[in-house]
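Working through the structure, step by step
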2 protein chains.
Amino acid sequence: VTGAGGFVGRPAADCLRALGFDVHGVSRRRGPLVADLLNPADVERIVATVRPTHLLHLAWYTDYEHFWRSPENLRWLEASLHLVRAFAANGGRRLVMVGSCAEYASDGGVCVENQTPLAPATLYGASKHALHVAVSAFARTAGLSLAWARLFNLFGPAEQPARLVPMVIRRLSQLEPVACSDGLQVRDYLPVEDAARALALIVGGEIDGAVNVGSGTGTSVRDLAERIAALVGSPELLRFGALPRRPGEPDVQVAGIERLTREVRFTPAITLETALAQTISWWLSRAPESDLTSALRR
Amino acid sequence: VTGAGGFVGRPAADCLRALGFDVHGVSRRRGPLVADLLNPADVERIVATVRPTHLLHLAWYTDYEHFWRSPENLRWLEASLHLVRAFAANGGRRLVMVGSCAEYASDGGVCVENQTPLAPATLYGASKHALHVAVSAFARTAGLSLAWARLFNLFGPAEQPARLVPMVIRRLSQLEPVACSDGLQVRDYLPVEDAARALALIVGGEIDGAVNVGSGTGTSVRDLAERIAALVGSPELLRFGALPRRPGEPDVQVAGIERLTREVRFTPAITLETALAQTISWWLSRAPESDLTSALRR
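In what follows, the accompanying structure is described. All residue numbers refer to position in the chain's written sequence, counted from 1. Key to labels: chains lettered from A, ligands numbered from 1, both in the order written. Per-residue local features are limited, in this predicted model, to residues with pLDDT of at least 70; the limit for side-chain atom pairs, both in listing and counting, is 80 or more; totals at the level of whole chains, interfaces and linings are taken over all residues. Excluding hydrogens and water, the side-chain figures rest on all heavy atoms present in the structure.

**Things to note about helix α9 (residues 272-284) of chain A**
All names here are of chain A. Helix and strand definitions here come from DSSP, where helices need a minimum of 4 consecutive H or I residues and strands a minimum of 2 consecutive E residues; each element is numbered from the N-terminal end. Expected helix span is taken as 1.5 Å per residue step, with the number of steps being one fewer than the number of residues. Compared with an ideal rise of 1.5 Å per residue, which puts 13 residues at 18 Å, α9 spans 18 Å between its outermost C-alpha atoms and is within 8% of the ideal. Listing the buried residues of α9 in full gives L272, A275, L276, T279, I280, W282 and W283. One face of α9 carries all of its buried residues, which in axial projection span an arc of 160 degrees. Only protein chains enter the accessibility calculation, which uses a 1.4 Å probe. A residue is then buried if its area is under 20% of the maximum for its type, exposed if over 50%, and partly exposed in between. Throughout, the arc means that of the directions going from the helix axis to the C-beta atoms.

**What about the pairing of strand β6 (residues 145-151) of chain A?**
Residues and elements named next belong to chain A. The buried fraction of β6 is high, at 6 of 7 residues. Here, any two strands with at least 2 DSSP bridges between them count as paired. Examined bridge by bridge, strand β4 (residues 94-100) and β6 share 7 bridges and lie parallel to one another. The residue of β6 that forms the bridge with G99 is R150. Bridge count for β6 against strand β11 (residues 209-213) is 5 bridges, and the pairing is parallel. Opposite A149, over in β11, you have V211 as the bridge partner.

**Some thoughts on the packing of helix α3 (residues 72-89) of chain B against helix α4 (residues 123-142) of chain B**
Residues and elements named next belong to chain B. The interhelical angle for the contact between α3 and α4, taken along N-to-C directions, is 20 degrees, at an axis separation of 9 Å. The orientation of α3 with respect to α4, classified from their angle, is roughly parallel. Considering the relative orientation of α3 and α4, their crossing is right-handed. Facing α3, whose interface residues are N73, L74, L77, S80, L81, V84, R85 and A88, α4 presents L123, Y124, S127, A130, L131, A134, V135 and F138. Residues belonging to the contact of α3 with α4 are distributed by class as follows: 12 nonpolar, 3 polar and 1 charged. A fitted line through C-alpha atoms represents every axis, and for helices the fit uses only the stretch in contact; the resulting angles, taken between N-to-C directions, go from 0 to 180 degrees. Any angle that is under 35 degrees is reported as roughly parallel, and any over 145 degrees as roughly antiparallel; angles of 65 to 115 degrees are reported as roughly perpendicular and all others as oblique. Two helices cross in a left-handed way if the nearer one is turned anticlockwise from the farther one by less than a right angle. They cross in a right-handed way if the turn is clockwise. Residue contacts are counted whenever heavy atoms from the two residues lie within 4.5 Å of one another. Classification used: nonpolar for Ala, Val, Leu, Ile, Met, Phe, Trp, Tyr, Cys and Pro, charged for Asp, Glu, Lys and Arg, polar for all others including Gly.

**Some details on the relation of the copies chain B and chain A**
For the pair chain B and chain A, the superposition axis carries a translation of 0.0 Å, the fit reaches an RMSD of 0.0 Å, and the rotation angle comes to 180 degrees. Between the two chains, the operation in question is that of a two-fold axis. Ranked by how close their C-alpha atoms come to the rotation axis, the residues of chain B are headed by A130(B), at 2.1 Å. Comparing contact sets, 100% of the residues at the interface of chain B also lie at the interface in chain A, consistent with an isologous, same-surface contact. In this comparison the copies share one frame, found by least squares on the C-alpha atoms of residues holding pLDDT of at least 70 in both.

**Things to note about the interface of chain B and chain A**
Interface size is often expressed as the accessible area that is lost when the parts come together. Listed as interface residues are 21 residues of chain B and, on the opposing side, 21 residues of chain A. When the buried area of chain B at its contact with chain A is split by residue, L74(B), E78(B) and R85(B) rank highest and sum to 27% of it. Residues E78(B) and R85(A) are paired through a salt bridge, measuring 2.8 Å at the closest nitrogen-oxygen approach. Polar contact is the term for a pair of N or O atoms within 3.5 Å; when the atoms are in protein, one must be able to donate a hydrogen and the other to accept it, and sequence-neighboring residues count only if both atoms are side-chain atoms. Our enumeration of links across chain B and chain A arrives at 3 residue pairs in polar contact (both at pLDDT 80 or more). Mapped by element, the contributors of at least two residues to the side of chain B that touches chain A are α3 and α4 of chain B. If one sorts the elements of the side of chain B that touches chain A by residue count, α4(B) sits on top with 10 residues. For any pair of parts, buried area is found by adding up, for both, the accessible area (1.4 Å probe) each one loses once the two are put together. Criterion for a salt bridge: a side-chain nitrogen of Lys or Arg within 4 Å of a carboxyl oxygen of Asp or Glu.

By themselves these figures say nothing about function.
So this is what it looks like as structure tokens:
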């Protein structure tokens, strides 16, 4: 598991262990396998050391807001291609790579794998899409089994504090106003623990090709923020319309989850309400500043 | 110009000089700028040394037959991404990258940019397509001007000897039988000198995005081989149907050249007949074995 110290990687590694996998988590900062995947020598070293049968590749550049347009996306694309080559050369068999809803055309609505057009509007989405194009052709020639998991909107403990859910929780709990866009965008929110379980089932299963990882349910940003406010208090501090939308942002983007439910046999276990309540507890149990710094250090 | 010692790169560099460019040709083997683009340190060094305003990136893995499926395609994809990043970081302005008709869906027929579906059937085509997806998004965020030239079937002096045109010329001239597929595939054949001139016009112009580089005329493999035989002699040595087609090979693949003629203002200058005669002279002026070895050494 790459990115094993991260927001998705940590719970995904736990779920894989629960399925009986002998998990080797790679992280930039700490743990038994410290490696900088942007350094080709590190990639060669860890793959030759572990000789993994399965690879769940979660690591990528994810700095809030910057990740949409940063040239770091090209570096991670290069590093990911190198990792896949090294994995194949060292006897790897099953590869699970992580894509994004940002690969789909922004007027995609309910996005269905192998049907909704892929037309990424951002460098992030384009880099993920390019990785999918190259790696799926490579997997065919190299005889690797490949699943491409497209993550939709996740939330939960240890998310980047500047992102929507933690930002709303923290501001409201500190009685500060929350500047939002109009909030009418419809998204697919899935608790990170559910996403982690879905990824572990994908790694352990045999599903081939692209598979959406989402709840299958559309929720507007406004509805999400109001649900948080109903639990934290101070709904009057939500200022919808105070910020513009990100250019090219889709109006509606929801995961079609037929492949996920039928072929991966995954069903979301946690309701949005419960997951939001747990996430709020996680954030509120941290001191206002230390939560920020500890999450940033991951 | 990368790949400046190659089949397309050498005449393209000549055409660019004729347009007034101060050309820095990068080659793996000889010349003032020797570099292995698969070595990241070489990429950094040459780009920082030359600080090019324009980049024509032709270098790729092209070993006959192997290039369709070789993992080298992923290495060249990585190297090309790195080259583009280094070009942007060193003040580059206009980027001309080279794609392929192999990016189009194999039932494409007459392929039109931004219209015919892109569905590469090979690792080579997928790697080129992936490069286009990533680099076009990068160019937008980095403010680079980008043209993506899709080459169709080229032939001419110094082509790899095992490829169709040189193989037919050499076999027939040595009075050896020529095993061919059924030869009913329709392709778009353009003399390499014309392709080189088109590329130089693209570099010097402002066309943005994908542009096909082809003749716009379909010719069957059978017709092409018979035209060669009409010039070299011994048409009875052509054995159509002796070989299977390559799996997934398109029936008809011809370049739509409206962008090339209208926006690049390129018109093919050499007829197929003349170009074949010149190519035959070039091959026959070489001793049967030395041509092979000298072309392989390029």
